[in-house]
Each structure stands twice: as C-alpha cells, then as structure tokens.
Amino acid sequence: MSSTTEQNPSAPSPAPTGRGYRIARGLTLANIATQAGIIVTGGAVRLTGSGLGCSTWPQCEPGEFTPTLHEATSIHPYIEFGNRTLTFLLLVVAVAMAVAVWRTRPELKWWGLVPALGVVGQAVLGGITVLVELQPLVVAPHMLLSLALVWYSVRFALRYRGARGRVGGPLKVERWVSAGLLVVLLVIGALTTGAGPHSGDADATERLALDPVMVAKAHAMTVWAFVALLAWIGWRIRRDHSAGARDEARLSYWVLVGVTLAQGVIGYVQYFLGLPALIVGFHLFGAAVLTAAHSAFFRLTARETVAA
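Residues numbered from 1 in each chain as written. Predicted model: local features only at pLDDT ≥ 70, side-chain atom pairs only at ≥ 80, totals over all residues. Heavy atoms only, no water.

1. A closer look at the packing of helix H6 (residues 172–195) against helix H9 (residues 277–300)
Thinking step 1. Packing of H6 against H9 leaves a shortest axis separation of 11 Å and a crossing angle of 165°. Regarding the angle of H6 to H9, the classification is roughly antiparallel. In this structure, the crossing between H6 and H9 has a hand that is left-handed. Of the residues in H9, those touching H6 at Arg 175, Trp 176, Ser 178, Ala 179, Leu 182, Leu 185 and Leu 186 are Ala 287, Leu 290, Thr 291, His 294, Phe 297 and Phe 298.
Thinking step 2. When the residues that make up the contact of H6 with H9 are grouped by side-chain class, the tally is 9 nonpolar, 3 polar and 1 charged. (Axes fitted to C-alpha atoms, helices over the stretch in contact; angles between N-to-C directions. Helix = DSSP H or I, 4+ residues; strand = E, 2+ residues; numbered from the N terminus. Parallel < 35°, antiparallel > 145°, perpendicular 65-115°, else oblique. Left-handed = near helix turned anticlockwise from the far one by under 90°. Contact = heavy atoms within 4.5 Å. Nonpolar A, V, L, I, M, F, W, Y, C, P; charged D, E, K, R; others polar.)

This is the structure we're talking about:
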C-alpha cells in the first residue's frame, strides 16, 4: 500500500530514527514552548505596566544594557529586561533546532530556519515598539507575529516527525475557512487590546481610537462564527474511519474545540469583570494555545487517500 496526502507536494519523506532525530524532535517541541512563552512574558510586561521599564533599545538605558539598581528603581525594568532575555533563549533554541533539522532532515533545512529568522524579526519589531513608546499599531503586529510563529512551529514539528493525515471526506474548504477566521479573530483581539486600558505603561496613554465595546463585540461574533464552523466540521468527520496514527486527527479536532470553548469563557469573564490583569493574562496565554491547537488541527486533518 502507498499513500499520498492532500498536501503531497510538500509532504516530507518518512522521519528518520536515532539519537540525532530524537534530539531534533525535542528541539522542535522546545521551540513551540519558547515561542508561546514569549507571548506570556510579553503579556506580563504589558499588564504590569513595564512596557517602558527600559527606556530604549537595544540597551535598557542609555549606556547600560542591564537595569541599574538604585533607590528609585522599580520592578518594571527587571520585568522588561527579563522578557528581552527570554528572546535570546528563544533564538538559541530556534538556531539549535535549525542545525539539528539540517543534520537529520536536510530536505527540510530551509523550513527549519524560519523560526530563527522570525525571532530576529520579533526582536527588531520589539525594539521599534519601545522606541515609539508602545504605539498600539506597532504593539499589535508584535504579538501577531509571535502567534504566527507559534502556528508555524507546531505545523513544522508535525511535519518533521511525519505526522499522518486523516481518511475521510475532504475538508479543504473548511480547513482554510477556519484558518481565515482564526486570523480575523486574532487581529480583532489585538485591536480590542489596543483600544483597552492595558497600555503597558501608566504614562503611555495613547490607545486606538476605537470603541472598546464595539470591537469586543466584533471579536465575540468572530469567535461564535469559528465555533459554528467547528460544529459543522464535527458533523463532517463523525463517520471518519481512522486507525493508528490517524486517530490524531480526531484528537486534534476535540482539543481545538475544548481550547476554543475555554478561551471563549475566559474572554467573557474578563469582559464582565472589567478586564482584570490576571484574567487578561490567561486570555493571552489562551490565544497562544488556541493558535497551536488550530495549527495541529490544520495539519492533521489534511485528507490522506490510500491507494493500492
């Protein structure tokens, strides 16, 4: 028996085995964790008002790369500096993964470089964010790029290990529509944050000239459209015949459903409680988890047809 996938032109050859492969696979998972982690720490910077804890970039203060301790020093420079430091860890992991992939799966070597290049782009965009004093239209792309890197990293990790697709009716349209809705809800979510009270610094009061209530409602409507689409996809795959590794497709669907519903609950809770920082932080973490869950769903529900 031989098999082809819906995305056959880019499908990798069967994954190798051995110590080098196990190390590389572990690094693909570490890359996902650190890509998501930088979103959480970046959210902590924003929600604690530490966005301008370091007044410039790449230095923390003019002439100093690290915060300087003195009597008037607050915790804000250390929170901001900690987030910057995590960027270097993220770059180390991404470069190590790229090298490991180059050695074990040379046909994927260029794709393995994407996360490292993305981290460099993130560092530059983060610096611009500080230099323009947390202008919301720069802060939003900064977060969205991190989310895009999470989505890519999950899909690449599955591709690296040769994850299989599903056997059943085609879902190409539904998968791409779900990806489009995900982009829309994440963008509107970023705009909602940009119009809200958490500027990242008490003195950085410039917010987007949008009605926070109307933007939040538009965000909620997009989420409900996403949920409705997931319900339709669930109806479509109810009779799928899966075996072995292909059970991952069903699992990825149910994980995405669970994460979406949990994220929706957190969103409504934060809205009705007046956007407390802690719950907003959980919502930011949920955005990273939702993005990762959708990436796995998108990759694993690609149709796999089996021919003699």
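2. Description of the nonpolar core
Thinking step 1. In terms of nonpolar packing, the biggest core is built from 37 residues, with Phe 226, Ile 233, Tyr 253, Leu 256 and Leu 290 touching the most fellow members.
Thinking step 2. With 8 residues, the top contributor of residues to this core is H9.
Thinking step 3. Beyond its immediate stretch of four places on either side in the chain, Phe 226 contacts Ser 178, Leu 181, Leu 182, Leu 185, Leu 256, Thr 260, Leu 290 and His 294.
Thinking step 4. Core analysis: the next-biggest nonpolar cluster, separate from the first, contains 10 residues, Tyr 21, Ala 100, Leu 108 and Tyr 152 among them. (Core = buried A, V, L, I, M, F, W, Y, C linked by side-chain atoms within 4.5 Å. Buried < 20%, exposed > 50% of the residue type's maximum accessible area, 1.4 Å probe, protein only.)

3. Brief notes about unusual backbone geometry
Thinking step 1. For Leu 275, which is not glycine, the phi torsion reads 60° and is therefore positive.
Thinking step 2. In this structure, Leu 275 sits in the loop between helix H8 (247–272) and H9.

4. Brief notes about the pattern of salt bridges
Thinking step 1. Scanning all chains against the criterion turns up 4 salt bridges.
Thinking step 2. Arg 161 is the partner of Glu 248 in a salt bridge, and the nearest nitrogen-oxygen pair spans 2.6 Å. One end of the pair, Glu 248, is in helix H8; the other, Arg 161, is in the loop between helix H5 (136–160) and H6, and 87 residues separate them in sequence.
Thinking step 3. A relative accessible area of 24% means that Glu 248 is categorised as partly exposed.
Thinking step 4. Residue class for Arg 161 comes out partly exposed when judged on its relative accessible area of 24%.
Thinking step 5. One salt bridge in this structure joins Glu 174 and Arg 236, with 2.7 Å as the shortest N-O distance. Within this pair, whereas Glu 174 is found in helix H6, its partner Arg 236 is found in helix H7 (residues 212–236), the two being separated by 62 residues in sequence.
Thinking step 6. Note on Glu 174: relative accessible area 11%, which makes it buried. (Salt bridge = Lys/Arg side-chain N within 4 Å of Asp/Glu carboxyl O.)

5. Focus: the confidence of the model for the protein
Thinking step 1. On average, residues of the protein carry a pLDDT of 84, and 86% of them reach 70 or more.
Thinking step 2. Of all the helices and strands in the protein, strand S1 (residues 2–5) carries the lowest mean pLDDT, 43, while helix H3 (residues 109–112) carries the highest, 94.
Thinking step 3. The low-confidence segment residues 1–12, where pLDDT is below 50, has 28 contacts with residues more than four positions distant or belonging to other chains. (pLDDT = per-residue confidence, 0-100.)

6. Description of the packing of aromatic side chains
Thinking step 1. Under the defined criterion, the tally for this structure stands at 8 aromatic pairs.
Thinking step 2. Ring geometry for Tyr 152 versus Phe 156: centroids 6.1 Å apart, planes at 15°, classification stacked. With Tyr 152 and Phe 156 both in helix H5, this residue pair falls 4 residues apart, about one helical turn.
Thinking step 3. Residue Phe 156 is classed as buried on the basis of its relative accessible area, which comes to 4%.
Thinking step 4. Note on Tyr 253 and Trp 254: the rings are 5.0 Å apart at their centroids and 75° apart in plane angle, and the pair reads as edge-to-face.
Thinking step 5. The rings of Trp 151, Trp 176 and Phe 298 are connected pair by pair, giving a single aromatic cluster.
Thinking step 6. Note that Arg 105 overlies the ring of Tyr 160, its terminal NZ or CZ placed 5.6 Å from the centroid.
Thinking step 7. A cation over an aromatic ring shows up here: Arg 175 above the ring of Phe 298, its NZ or CZ 4.1 Å from the ring centre. (Phe/Tyr/Trp six-rings, centres within 6.5 Å; stacked < 30°, edge-to-face > 60°. Lys NZ or Arg CZ within 6 Å of the ring centre and 35° of its normal.)

7. Brief notes about the environment of His 219
Thinking step 1. Of note, His 219 is situated in helix H7.
Thinking step 2. The residues touching His 219, leaving out its near neighbours within four places in the chain, are Leu 185, Ile 188, Gly 189, Thr 192 and His 283.
Thinking step 3. At a separation of 3.0 Å, a polar atom in the side chain of His 219 contacts the main-chain carbonyl oxygen of Leu 185. (Polar contact = N/O pair within 3.5 Å; in protein donor to acceptor, adjacent residues only side chain to side chain.)

8. Focus on the side chain of Gln 122
Thinking step 1. Considering the arrangement of structural elements, one finds Gln 122 in helix H4 (residues 114–131).
Thinking step 2. Residue Gln 122 is classed as buried on the basis of its relative accessible area, which comes to 9%.
Thinking step 3. Ignoring anything within four residues of it in the chain, the contact list for Gln 122 reads His 142, Leu 145, Ser 146 and Leu 149.

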